[in-house]
Amino acid sequence: MKITTFHNRPVRHVRHMPDGSVILTLNERQPNGRPRHLRVSLAEWVTGRGIFLLDSHATHRAQARQLARRCG
């Protein structure tokens, strides 16, 4: 499984906007349960992103621990 991150924060979805910005939907949630979004410039997205490969056969808890070790 590939996990895309932005400055060590897991990203669920990326939308490229016509104005040259990028809207990131993070795996983090707000207190009301809605996902958190970040709007950044394309340059910020390119410099702050990373992709980590995780074992797709591991449990979700094991994958979260593995990602925390790599990003933490």
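I will try to describe carefully the structure that is included in this document. Because the structure is a prediction, the values reported are computed rather than measured.

1. Considerations on the environment of Pro35
Then step 1. Along the chain, the position of Pro35 falls in strand E4 (residues 35-41).
Then step 2. Take Pro35: its relative accessible area is 27%, and that puts it in the partly exposed class.
Then step 3. Separated by ten residues in sequence, Pro35 and Thr25 place their C-alpha atoms 6.6 Å apart.
Then step 4. The residues touching Pro35, leaving out its near neighbours within four places in the chain, are Thr25, Leu26, Glu28, Arg29 and Gln30.

2. With respect to the packing of aromatic side chains
Then step 1. Considering all chains together, one arrives at one aromatic pair under this definition.
Then step 2. An angle of 35° between the planes, with centres 6.1 Å apart, marks the rings of Phe6 and Trp45 as tilted. Residue Phe6 is located in strand E1 (residues 2-6), and its partner Trp45 is located in helix H1 (residues 42-48); the two are separated by 39 residues in the primary sequence. Accessibility classification places Phe6 together with Trp45 in one group, the buried group.

What counts and how
- Residues numbered from 1 in each chain as written.
- Predicted model: local features only at pLDDT ≥ 70, side-chain atom pairs only at ≥ 80, totals over all residues.
- Heavy atoms only, no water.
- Helix = DSSP H or I, 4+ residues; strand = E, 2+ residues; numbered from the N terminus.
- Buried < 20%, exposed > 50% of the residue type's maximum accessible area, 1.4 Å probe, protein only.
- Contact = heavy atoms within 4.5 Å.
- Phe/Tyr/Trp six-rings, centres within 6.5 Å; stacked < 30°, edge-to-face > 60°.

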